[in-house]
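Residues per chain, in single letters:
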Amino acid sequence: MATASKAAPKAGLDLGKDQLADFLRQMYEIRFFEEKVAELLKAGIIKGASHLYAGEEAVAVGAVSAISEDDIIASTHRGHGHCGAIGDKHAHTEKDRQDHWNKMMAELMGKATGYCRGRGGSMHIADVQKGNLGSTGIVGGNIPIATGAALAEKLKGTDNVVLCFFGDGSTNTGSFHEALNMGATLLCGLPIVYVCENNLYGMSVPYHQKCVDAAGQASKVDHVVDRAAAYGIPGEIVDGMDVLAVREAVKKAVENARKGAGPALIEAKTYRWFGHSISDQRIYRTREEEAAWKERCPIVVLRGKLADAGIMTEAEMDTIRDKATATIEAATKFATDSPLPDASELFDGVYVDADPAKMAAEKAAEKPIAAKVKAIEDDIRGFLREQSGGAAKSALPKLNKAGQGQFEGKYGTRILTYGQALVEAQREEMKRDESVVILGEDVGLYGGAYAATRGLLDEFGPTRVMDTAISEAAIAGAAAGAAMRGLRPIPEIMYVDFVTIASDQIVHNMAYNRYMFGGKTKVPCVLRTEGGVGRSIAAHHSESLESWFMHIPGLYLVMPSTPYDAKGLLKAAIRDDNPVIFIEHKVLYSGVMGPVPEEEYIIPLGVADVKKEGKDATIVAYSRMLHFAMDAALELEKEGISVEVIDPRTLAPLDVETIAQSVKKTGRLISVSEAFTRCGVAGEIVRQVSEYKFADGTLCFDYFDAPPAVVAAKDVPIPMSAPLEDAAVPSRDDIIKAVKSLL
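Residues numbered from 1 in each chain as written. Predicted model: local features only at pLDDT ≥ 70, side-chain atom pairs only at ≥ 80, totals over all residues. Heavy atoms only, no water.

### Description of helix H11 (residues 356-388)
When the terminal C-alpha atoms of H11 are compared, their 45 Å separation across 33 residues agrees well with the 48 Å that a helix rising 1.5 Å per residue should span. Of the positions making up H11, those classed as buried are Glu 362, Glu 366, Ile 369, Ala 370, Val 373, Ile 376, Glu 377, Ile 380, Arg 381, Phe 383, Leu 384 and Arg 385. Sitting at the amino-terminal end of H11 is Asp 355, which places a side-chain oxygen 3.0 Å from the backbone nitrogen of Ala 357. Gly 389, located one to two residues past H11, shows a positive phi value of around 70 degrees. (Helix = DSSP H or I, 4+ residues; strand = E, 2+ residues; numbered from the N terminus. Expected span 1.5 Å × (residues − 1). Buried < 20%, exposed > 50% of the residue type's maximum accessible area, 1.4 Å probe, protein only. Polar contact = N/O pair within 3.5 Å; in protein donor to acceptor, adjacent residues only side chain to side chain.)

### Some remarks on the pattern of salt bridges
Tallied over the entire structure, the rule returns 65 salt bridges. Salt-bridge contacts for Lys 567 lead to Glu 428; the nearest nitrogen and oxygen are separated by 2.7 Å. Of the two residues, Lys 567 is situated in helix H19 (residues 563-575) and Glu 428 in helix H13 (residues 418-432); the sequence distance between them amounts to 139 residues. For the salt bridge of Arg 575 with Glu 429, the shortest nitrogen-to-oxygen distance reads 3.0 Å. With Arg 575 in helix H19 and Glu 429 in helix H13, this residue pair connects regions lying 146 residues apart in the sequence. On the basis of relative accessible area, Glu 429 is assigned to the buried category, the value being 0%. (Salt bridge = Lys/Arg side-chain N within 4 Å of Asp/Glu carboxyl O.)

### Notes on the environment of Ile 67
Tracing the sequence through the fold places Ile 67 in the loop between helix H2 (57-65) and strand E1 (72-74). Residue Ile 67 is classed as buried on the basis of its relative accessible area of 5%. For the pair Ile 67 and Val 607, spaced 540 residues apart in sequence, the C-alpha separation works out to 46 Å. Once residues within four sequence positions are removed from consideration, Ile 67 is found in contact with Ile 73, Ile 86, Lys 89, Leu 163 and Val 254. (Contact = heavy atoms within 4.5 Å.)

### Considering the packing of aromatic side chains
This model, assessed by the stated rule, comprises 17 aromatic pairs. On the basis of an interplanar angle of 80 degrees and a centroid distance of 6.0 Å, the ring pair of Tyr 418 and Tyr 589 is categorised as edge-to-face. Taken together, the residues span a long stretch of sequence, with Tyr 418 in helix H13 and Tyr 589 in helix H20 (residues 588-591) at a distance of 171 residues. Here Tyr 418 matches Tyr 589 in class, with each residue buried. Centre to centre, the rings of Tyr 495 and Phe 498 are 5.4 Å apart; their planes meet at 65 degrees, and the pair counts as edge-to-face. Through a chain of ring-to-ring contacts, three or more aromatic side chains come together here, namely Tyr 418, Tyr 450, Tyr 495, Phe 498 and Tyr 589. Sitting over the ring of Tyr 515, Arg 119 keeps its end group 4.5 Å from the ring centre. (Phe/Tyr/Trp six-rings, centres within 6.5 Å; stacked < 30°, edge-to-face > 60°. Lys NZ or Arg CZ within 6 Å of the ring centre and 35° of its normal.)

This is the structure in structure tokens:
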């Protein structure tokens, strides 16, 4: 059996009889809850996976007892004990306590009365309002979230501390290493205590020592805490079967974190009574090992201490046990009698709904500004086409200094680059709202890989513009955790190709947390990144992955094409309460110029823009392809073909109505995208438009005079060589050809 450091026999026994009795009661409640869940799983009353915490009760109860009600926890897939302990902490009456366990059991049964209204279940239980940021079904996925929550508390100036629970299996994931490093380094150390519940097995693989020869091995180091030195933080091993020992170790680490000393890593040596899940046959460990650990049952250990010290009699402790039994039985009855969610609630809480009146007012306010801007944009585009004789290279509207001065003088309006507009949007929102912060790789001193944060560090300082290590998962996860605790982070992922590393955090936490937690939390952050071709840097730095995010419910997806749109959309995204993926095209930063008014404006998300009116066909294009589409439309105009060009600007939510109304007029649709054709954005736009139902009940499909055309990237990794790179994505001539084929 593994050894662990132990507290002095009488340590913690001076807390008082009531407090010690409550520790015992909490451990009984957790134990009986888990035993009841095991019974209900076997009976088929509780569905799905459930990872039982029985045997580890001392860790949750001891650790949570060491924090205040203002502090925060983040949990793991084996999280019933953590949820149980934090709920008991916030329960000030017997009714509160019963309600807490009622909600826990109801959630596991998938009932409407559960903590998350039945959306999360066993692995995703949360009570965000009371500081429980929830569990995650992805091993290690909660560690960046907790780190971000600690960042938020430090930036808000509270003295709150975050407890982050995870198992030994998590310590072999990238999220563990990235998050601990971030917790240790960011702002000289964040107020977080990382608590590893080392129950010796990551599913079936022993952490280090093994008692079955055929079993594998997860680590060559004896103890998880040995890894603390790699991050320059203190670590301590504690007997995870002794609630008082756990309390003392965590209490010390919490006090240090509260004083500004930064994180610590606590390794609690413990053991789970059940297998990894209910179907686990536990063939990777011996019955002798199990029996040896059960001799040190945390409930038995505490009862022994209380009896030996003369604090409580056996009869008094039996009364506590019986009270816990009654609590869990009552919770089981409550959950059994509770209703299941109605199917009509299926879409509730996926997004924070927009206020229709507010959105209408924003659209009305922006309309006259947009009209002035569009006239200037059209003039610039015509001027550049005239200069180049209509050559395809004129697709991107970029002026030289003389041209810029000419148009600024003519209209009395600034002409900015796309990149300058993005910097200005962030600057204005950071001035307006102190909760807006930027974090990512090279966003500070360097000013961003494409200068989209240039100058902001000098203006706002290193607590608002934070350079991080190369840790995409930690950046995205920390942003989500910080957003759940009241900040409005703007994490930057240098290239969209790198979001593949952060996909767990973006999808399973940033996008899903609101819905999984019953619509009871918000995750307002804007993940900025860039993509697309144009620099001959091959497949790992040139992808267009927007279809991935368009596929994910819970995310907004914005892809602006002009400086005016870039600024207005980014300001709106920062103010929005939903997580937004904001993708910029690498060649637009300095390759596109246009008017950007000095007056305050925002562009509401989910509103498409008719960039050019026409009657013969509708082209839908966004980002860089918008400029190709505009150039194609102007070329076609020479032949008497009138094309309407629509920039959706926001791909999710997509303004299908504006596109459908255009198709109703023109009868033809050409959907253009730089992303891959297969399962791509262009095809998805065609689907949504085809299925759009007008007020009179007719479908937009009924108005097609020709099959819609998809003009998108070839289904090949982006090659480096310039001719191949150009051939991989649509050109102006491809768009012209598609339009003519429909006519």
